[in-house]
Amino acid sequence: MRITPLDIQQKQFPVKFRGFDVEEVYAFLEILREEMEELLRENTSLKEQIHIIEGQLKEHKNMETTLRETLITAQQMIEAYKTNARKEAELITRESELRADEIIKRAQERVVKVHEDIVDLRGIRRHFKEEIRRLVEKILREIEFDKEREGDADDWGDRRVGADDGVEHV
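About the cut-offs
Each residue is numbered by its place in its chain's sequence as written, counting from 1. Whole-chain, interface and lining totals are the exception, using all residues; otherwise, since this is a predicted model, local features are given only for residues with pLDDT of at least 70 and side-chain atom pairs are given and counted only at 80 or more. Water and hydrogen atoms play no part in the side-chain values, which are based on all heavy atoms of the structure. Each helix is a run of DSSP H or I of at least 4 residues and each strand a run of E of at least 2, with the numbering of both proceeding from the N terminus. Three exposure classes are used, based on accessible area relative to the maximum for each residue type with a 1.4 Å probe and protein chains only: buried under 20%, partly exposed in between, and exposed over 50%. Computed with a 1.4 Å probe, the accessible areas rest on the Shrake-Rupley method; for each residue, only the protein chains presented here act as cover. Per-residue confidence from the predictor is given as pLDDT, running between 0 and 100. What makes two residues a contact is simply this: any of their non-hydrogen atoms within 4.5 Å. Between Lys or Arg on one side and Asp or Glu on the other, a salt bridge is scored when a side-chain nitrogen of the former is within 4 Å of a carboxyl oxygen of the latter. Each patch is built from residues that are more than 30% exposed by relative accessible area and take part in no salt bridge. Like charges join if they lie within 9 Å; nonpolar side chains (Val, Leu, Ile, Met, Phe, Trp, Tyr) join within 5 Å. We count Lys and Arg on the positive side and Asp and Glu on the negative side, and we leave His and both chain ends out. All charge positions are set by atom: Lys at NZ, Arg at CZ, Asp at CG, Glu at CD.

### Topic: the overall build of the protein chain
Part 1 of the reasoning: On a plain count of helices and strands, the protein chain comes out with two helices and zero strands.
Part 2 of the reasoning: Residues counted as buried form 3% of the 170 residues belonging to the protein chain.
Part 3 of the reasoning: A total of about 16100 Å² of accessible surface is found on the protein chain, and carbon and sulfur atoms cover 58% of it.

### Looking at the confidence of the model for the protein chain
Part 1 of the reasoning: The predicted model of the protein chain has a mean per-residue pLDDT of 87, with 89% of residues at 70 or higher.
Part 2 of the reasoning: Here residues 166-170 is modelled with pLDDT under 50, and outside its nearest four sequence neighbours on either side it reaches seven contacts, counting other chains as well.

### Notes on the pattern of salt bridges
Charged atoms that come close allow side chains of opposite charge to pair.
Part 1 of the reasoning: Per the counting criterion, the structure on display carries twelve salt bridges.
Part 2 of the reasoning: Of the charged contacts in the structure, one is a salt bridge between K82 and E79, with a shortest N-O distance of 3.8 Å. Residue K82 and its partner E79 are located together in helix α2 (residues 22-164), separated by three residues, close to a single helical turn.
Part 3 of the reasoning: Judged by its relative accessible area of 41%, K82 is partly exposed.
Part 4 of the reasoning: Judged by relative accessible area, which is 42%, E79 ranks as partly exposed.
Part 5 of the reasoning: Between K113 and D117 there is a salt bridge, with its nearest N and O atoms 3.0 Å apart.

### Here's the deal with the side chain of R33
Part 1 of the reasoning: In this structure, R33 sits in helix α2.
Part 2 of the reasoning: Judged by its relative accessible area of 10%, R33 falls in the buried class.
Part 3 of the reasoning: Once residues lying within four places of it in the same chain are set aside, the contact partners of R33 are P5, I8 and Q9.

### Things to note about a nonpolar patch on the surface
Part 1 of the reasoning: Together, F128, I132, L135, V136, I139, L140 and I143 make up a nonpolar patch on the protein surface, roughly 630 Å² of accessible area in all.
Part 2 of the reasoning: Here I139 is to be found in helix α2.

### Comments concerning a positive patch on the surface
Part 1 of the reasoning: A contiguous patch of positive charge on the surface is contributed by R122, R125, R126 and K129.
Part 2 of the reasoning: Assignment of secondary structure puts R122 in helix α2.
Part 3 of the reasoning: Looking at R122, the relative accessible area reads 47%, which means it is partly exposed.

### A word on the environment of I8
Part 1 of the reasoning: Structurally, I8 can be placed in helix α1 (residues 5-10).
Part 2 of the reasoning: Taking C-alpha positions, I8 is 7.6 Å from L32, a pair spaced 24 residues apart along the chain.
Part 3 of the reasoning: The residues contacting I8, other than those within four sequence positions of it, are I3, L29, L32, R33 and M36.

The following block contains the structure:
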């Protein structure tokens, strides 16, 4: 059974012969009641404070949990960003290398094509020179032949003129 300050205040003691001084007992009980009221108020106040503090503690634990989860998530995101950045850098590097290889390949193909064109042009030039040389030789032969024919014609004309002179022509 719980004793309250009211129980202490209302408590009656029977008076007996050679008993306690009633006034002193009631004065002590009054002091006891007041002390008990003060203790109960303090106890109630402390319980309220405990309840408030427990709520704050729960709230702080929730915030701590949230902060930890946020920190873990942030760390995971940072790692994911780093990983993605590395992968992207590797991809860009590979693409750049492939482009560079392609550019080099095209340049080499152009060099080969230019070299082939040069070789073809040299062949064409040689062929053209040979054709010109043949043409010049042919023209020279024709000129020589014409000279010979003209010389023969002059000789024949002279011989013909000489035939009138009575010279025999061959």
